[in-house]
Amino acid sequence: MVIAYISHHDCQLHDMGPGHPEQPARLSAISNRLIASGLEMVLRQYSAPLATREHLEAVHDRAYVDEIFAASPTEGLAWIDGDTAMNRYSLHAALRAAGAVAMGVDLVMEDEVKQVFCAVRPPGHHAERHRAMGFCLFNNIAVGAYHALNRYGLKRIAIVDFDAHHGNGTEDIVTGDKRVLFCSTFQHPFYPHSGFDSTATGIVNVPLAAGSNGSAFREAVDSHWVPRLAEFAPELILISAGFDAHQADNMTGLNLVDSDFAWVTRRLCEQAEKSAEARIVSSLEGGYELHALARSVEAHIKAFIGDS
Ligand SMILES: [Zn+2]
């Protein structure tokens, strides 16, 4: 089983200042862990291309994309919302992050590889059609989804989001599109205070109370996601892979452990094998405790490879 690993140095240059939890060290922690574990040797490495305007405008308003391009500073930080800033490298980092997911879709659709992990930042799942927020500029996973729909004419795509925060941006973009099923778990009540009351068909949100552990998470996945995914039979599964629900991550109050991320990945692989020719493209969202993040990404990628 060949797994692709897509990243780019530009994603390490995006820096929102000292003390910001969404920091360049997240990517070095992941890459160091993959080298130390020997996993890096079995991954096929790719350099993320820049997303095109066409990719971005399939999920964001043109005026919003213009606004982000115009906000890119030549020095210092330009604050886009209370916790999201751009330095002079951020625009390119964001274009690489979205471009990585589009490239991942190309790799699985052209049968180069079966699964893809995009080690990118800024993350994307809070970015709405016309609003940046929560460390996110462009919605990377939605860019991948619409690239798959528009370029390959897929009829059914599932986006699965296990980040501890609700993927309000993804939900905003895909709501009403019958070709997309969005399944998520998230801490509630919690930032961004959305998703718990969604009623749209095609949105499978499972709020989890603070303190929920792996067994509550697994129960949510097996009772809510798995049957809907089986019924929908996606031709491609995209994962908003946030690891901030880890018990060691003090950004959130959920208590998952490394093996829970491996478990959910295997569940998604089972569905992908049934309906999607095993195609999965996963992209990094949150995860701020560097050791737990690196170990959880390792567990996630190992689950793609299987026990071999
Ligand atoms: Zn998060």
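Our subject in this report is the structure included herewith.

Cut-offs and rules
Residues numbered from 1 in each chain as written. Predicted model: local features only at pLDDT ≥ 70, side-chain atom pairs only at ≥ 80, totals over all residues. Heavy atoms only, no water. Helix = DSSP H or I, 4+ residues; strand = E, 2+ residues; numbered from the N terminus. Buried < 20%, exposed > 50% of the residue type's maximum accessible area, 1.4 Å probe, protein only. Contact = heavy atoms within 4.5 Å. Areas by Shrake-Rupley, 256 points an atom, 1.4 Å probe, with all protein chains shown as cover. Lys, Arg positive; Asp, Glu negative; His and termini not counted. Charge placed at Lys NZ, Arg CZ, Asp CG, Glu CD. Phe/Tyr/Trp six-rings, centres within 6.5 Å; stacked < 30°, edge-to-face > 60°. Expected span 1.5 Å × (residues − 1). Pairing = 2+ DSSP bridges. Axes fitted to C-alpha atoms, helices over the stretch in contact; angles between N-to-C directions. Donors = N, O, S within 2.8 Å, 3.2 Å for Na, K, Ca; no water. Tetrahedral: all angles 85-135°; square planar, octahedral: opposite > 155°, others 65-115°. Parallel < 35°, antiparallel > 145°, perpendicular 65-115°, else oblique. Left-handed = near helix turned anticlockwise from the far one by under 90°. Nonpolar A, V, L, I, M, F, W, Y, C, P; charged D, E, K, R; others polar.

### Focus on the overall build of the protein
Piece 1. Of regular secondary structure, the protein possesses 10 helices and 10 strands.
Piece 2. Dimensions of the protein along its principal axes, counting C-alpha atoms only, are 50 × 40 × 40 Å.
Piece 3. Within the protein, the fraction of its 308 residues that count as buried is 60%.
Piece 4. Within the protein, residue pairs in contact and separated by at least 24 positions form 74% of the contacts whose partners lie at least 6 positions apart.
Piece 5. For the protein, the accessible area works out to roughly 11700 Å², and carbon and sulfur atoms hold 50% of it.
Piece 6. Here the protein contributes 24 positively and 38 negatively charged side chains, and the mean placements of these two sets differ by 5 Å.

### What to know about the packing of aromatic side chains
Piece 1. Enumeration according to the criterion identifies 8 aromatic pairs in this entry.
Piece 2. Centre to centre, the rings of Phe 217 and Trp 263 are 6.4 Å apart; their planes meet at 70 degrees, and the pair counts as edge-to-face. Remark: Trp 263 occurs in helix α9 (residues 258-275) and Phe 217 occurs in helix α8 (residues 214-232); sequence separation between them is 46 residues. You'll find Phe 217 and Trp 263 in the same group, each marked buried.
Piece 3. Put simply, the rings of Phe 162, Phe 243 and Phe 261 touch in pairs and so form one group of aromatic residues.

### Remarks on helix α5 (residues 90-109)
Piece 1. Between its first and last C-alpha, α5 extends 29 Å over 20 residues, near the 28 Å set by a 1.5 Å rise per residue.
Piece 2. Counting buried positions along α5 yields 19 of 20 residues, so the element is predominantly enclosed.

### A few points about the sheet that holds strand β7 (residues 180-187)
Piece 1. Reading across the sheet, the 8 strands line up as β2-β1-β5-β10-β9-β6-β7-β8 and stay open at both edges, with parallel pairing between neighbours. Each of the sheet's edge strands pairs with one partner strand only, and the pair in question is β2 (43-47) and β8 (203-208). With strand direction ignored, the average angle separating the axes of adjacent strands in the sheet is 15 degrees.
Piece 2. Pairing analysis gives 5 bridges linking strand β6 (residues 157-161) to β7, with the strands arranged parallel. Counted as the bridge partner of Ile 159 is Phe 182 from β7.

### Digging into the coordination of the zinc ion
Piece 1. Protein coordination at the zinc ion comes from Asp 163 (OD), Asp 163 (OD), His 165 (ND1) and Asp 244 (OD), with a distance range of 1.9 to 2.8 Å.
Piece 2. Seen from the zinc ion, its 4 donor atoms lie at angles of 52 to 154 degrees, and the figure they make is irregular.

### Here we look at the packing of α5 against helix α6 (residues 140-152)
What describes two packed helices is the angle between their axes and the distance between those same axes.
Piece 1. Packing of α5 against α6 leaves a shortest axis separation of 8 Å and a crossing angle of 40 degrees. Taken together, the axes of α5 and α6 lie oblique to each other. Crossing of α5 against α6: the hand is right-handed. Mapping the contact onto sequence places Ala 94, Ala 97, Ala 98, Val 101, Ala 102, Val 105, Asp 106 and Met 109 in α5 and Asn 140, Ile 141, Val 143, Gly 144, His 147, Ala 148, Arg 151 and Tyr 152 in α6.
Piece 2. Within the contact of α5 with α6, the residues separate by chemical class into 11 nonpolar, 3 polar and 2 charged.

### Comments concerning unusual backbone geometry
Excluding glycine, a negative phi dihedral is what most residues carry, and trans is how most peptide bonds are arranged.
Piece 1. Following Arg 121, the chain continues into Pro 122 via a peptide bond in cis, with omega recorded as 0 degrees.
Piece 2. Mapped onto the elements of the fold, Pro 122 is located in the loop between β5 (115-118) and α6.
Piece 3. Not every positive phi belongs to a glycine, and Glu 277 is a case in point at roughly 50 degrees.
Piece 4. Counting through the fold element by element, Glu 277 comes out in the loop between α9 and β10 (280-284).
Piece 5. Residue Glu 277 is classed as exposed on the basis of its relative accessible area of 51%.
Piece 6. Here the phi dihedral of Ala 278 falls at roughly 70 degrees; this positive angle occurs in a residue that is not glycine.
Piece 7. In this fold, Ala 278 is placed in the loop between α9 and β10.

### Quick notes on the pairing of β5
Piece 1. Residues of β5 alternate between two faces, with Gln 115 and Phe 117 on one and Val 116 and Cys 118 on the opposite face, all of them buried.
Piece 2. Of the pairings in the sheet, the one linking β5 to β10 comprises 4 bridges and is parallel in character. Within β10, the residue paired with Cys 118 across the bridge is Ser 283.

### Considerations on the environment of Val 204
Piece 1. Mapping Val 204 onto the fold places it in strand β8.
Piece 2. Of the residues examined, Val 204 reaches a relative accessible area of 7% and is grouped as buried.
Piece 3. Expressed as a C-alpha distance, the spacing of Val 204 and Phe 182, which sit 22 residues apart in the sequence, is 6.0 Å.
Piece 4. Filtering out sequence-adjacent residues up to four positions away, Val 204 remains in contact with Leu 181, Phe 182, Cys 183, Ser 184, His 224, Trp 225 and Arg 228.

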